[in-house]
Amino acid sequence: MPETQQKHGEIIISVENLEHSYKDFKAVDGISFSVKKGEIFSFLGPNGAGKSTAINILITLLAKQKGTASVAGFDVTRDPQKVRESIGIVFQDITLDRDMTVWEILEFHGRLYNMPFEQRRKRIEELLNLVELAAKRDERTKHLSGGMKRRLEIARGLMTRPKVLFLDEPTIGLDPQTRLRMWEYIKGVNSEGTTIFLTTHYMDEADQLSDRISIIDHGRIVISGKPWELKNTLGRDLIYLETNNNEAAVRFLKDLPSIRNMKVKSKGFVLMVNEDGSKVLPLIIDTLRNAGIEISTINLKKPSMDDVFVFYTGREIRDEGHAKTSFRRAGGR
Ligand SMILES: Nc1ncnc2c1ncn2[C@@H]1O[C@H](COP(=O)(O)OP(=O)(O)OP(=O)(O)O)[C@@H](O)[C@H]1O
Ligand SMILES: [Mg+2]
């Protein structure tokens, strides 16, 4: 299987103890991680976590202050030009010239990178098909929808067949359906052999797309792993309970053998269980009934990436409307 071979291959991005401060504010606070060739790797974190700062150092847009970082075998400080030649970039904010057509955007980019005429023409056709913009080739970018602009930016990022494509919040502000399509394009690009490094604050996006994720908060990586590994750290199932005496309930339940961990919420509490939750439920209900505690709500579910995020950062991440995210302290609502 070429895909698995590829994904277990060499390291293509390597970062150690990276730090970055704006004046005396530390935006990136000593992060270390590596990305393997052929992977889709994500930074998942809320607004202001330091995702763009880290990505901007890797793409050589921001000068590195502390630590080491290399992309495609080249050090970002010693060989910035070589790094730039190895990568494609899609920025968080749209950066298309509004009056240029779809074709012109790609053609101009190809010329900028000295691609020969025939090669440019062929690559543009391939990419227009890949991102389904062939019908819009002569449209000015100001007349494209938000999703189309994103797709065009991805195509532009791929013109030079980069080894690594950096996507900073690729689906921000897009409607749910367009986001799903965008994931398909990103997977398509990845299956062409391109390593993908993306940042997102969408839990489901990181979960669905990534081979591996690092959750980043306040400039630090709080946990890294494959999506299922991260979810598994919370146990096999989660049981949410509300009772007439949560404090007592927690005391009675905490020593049951299948309970891995518990977390108190504002109105109830969550039990993380090591086995099939539906098999543990009768025991939980009996234990509480025998203790004279009344249950008002029971909810059984599989751990999601949201649960992972809340567990490791103590906060919820919420998408409100389009581009804005806010979070609130767990228990503080
Ligand atoms: N040029 C700058 N000057 C001063 N502070 C900055 C600058 N750029 C970013 N910051 C601060 O550094 C922190 C990290 O910002 P960064 O843009 O890296 O976060 P992010 O994770 O990409 O957030 P978002 O999800 O909103 O894009 C924030 O507190 C931000 O205000
Ligand atoms: Mg950002």
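Residues numbered from 1 in each chain as written. Chains lettered and ligands numbered in written order. Predicted model: local features only at pLDDT ≥ 70, side-chain atom pairs only at ≥ 80, totals over all residues. Heavy atoms only, no water.

1. Here we look at the coordination of the magnesium ion (ligand 2)
Coordination sphere of the magnesium ion (ligand 2), protein contribution only: Ser52 (OG) and Gln92 (OE1), at 2.0 to 2.2 Å. Here serine 52 is found in helix H2 (residues 51-58), whereas its partner glutamine 92 is found in the loop between strand S6 (87-90) and helix H4 (102-112), with 40 residues between them in sequence. By relative accessible area, serine 52 is classed as partly exposed at 22%. (Donors = N, O, S within 2.8 Å, 3.2 Å for Na, K, Ca; no water. Helix = DSSP H or I, 4+ residues; strand = E, 2+ residues; numbered from the N terminus. Buried < 20%, exposed > 50% of the residue type's maximum accessible area, 1.4 Å probe, protein only.)

2. Concerning the sheet that holds S6
If you trace the six strands from one edge of the open sheet to the other, you get S6-S7-S8-S3-S9-S10, paired in mixed fashion. Two strands close off the open sheet at either side, each with one partner strand: S6 and strand S10 (220-225). Recorded for the sheet is a direction-independent mean angle of 15° between the axes of neighbouring strands. For S6 and strand S7 (residues 164-168), the ladder comprises four bridges, and the chain directions are parallel. Pairing of isoleucine 89 across the sheet is with phenylalanine 166, part of S7. (Pairing = 2+ DSSP bridges. Axes fitted to C-alpha atoms, helices over the stretch in contact; angles between N-to-C directions.)

3. So, the domain arrangement of the chain
Here the chain is partitioned into domain 1 (2-229) and domain 2 (235-302). For domain 1 and domain 2, the distance between their C-alpha centres works out to 42 Å. (Domains from an automatic or database assignment.)

4. A word on helix H5 (residues 117-130)
Helical periodicity: at 3.6 residues per turn, an α-helix aligns residues three or four positions apart in one direction. Between its first and last C-alpha, H5 extends 20 Å over 14 residues, near the 20 Å set by a 1.5 Å rise per residue. What H5 keeps buried is the set Arg120, Arg123, Ile124, Leu127 and Leu128. On an axial view of H5, the arc spanned by its buried residues comes to 135°, and they lie on one face. The exposed set on the far side of H5, more than 90 degrees from its buried face, consists of Lys122 and Asn129. Looking at the buried positions of H5, the neighbouring elements they touch are H4 and helix H6 (146-158). One or two steps after H5, the chain reaches glutamate 132, where phi turns positive at roughly 55°. (Expected span 1.5 Å × (residues − 1). Arc of directions from axis to C-beta. Contact = heavy atoms within 4.5 Å.)

5. Observations concerning the site of ligand 1
Around ligand 1 lies a shell of 13 residues, among which Asn47, Gly48, Lys51, Ser52 and Thr53 are the nearest. Backbone polar atom of glycine 50 to an oxygen atom of ligand 1: 3.0 Å apart, as the coordinates give it. If one sorts the elements of the shell around ligand 1 by residue count, H2 sits on top with three residues. When the residues that make up the shell around ligand 1 are grouped by side-chain class, the tally is five nonpolar, six polar and two charged. (Near = heavy atom within 4 Å. Polar contact = N/O pair within 3.5 Å; in protein donor to acceptor, adjacent residues only side chain to side chain. Nonpolar A, V, L, I, M, F, W, Y, C, P; charged D, E, K, R; others polar.)

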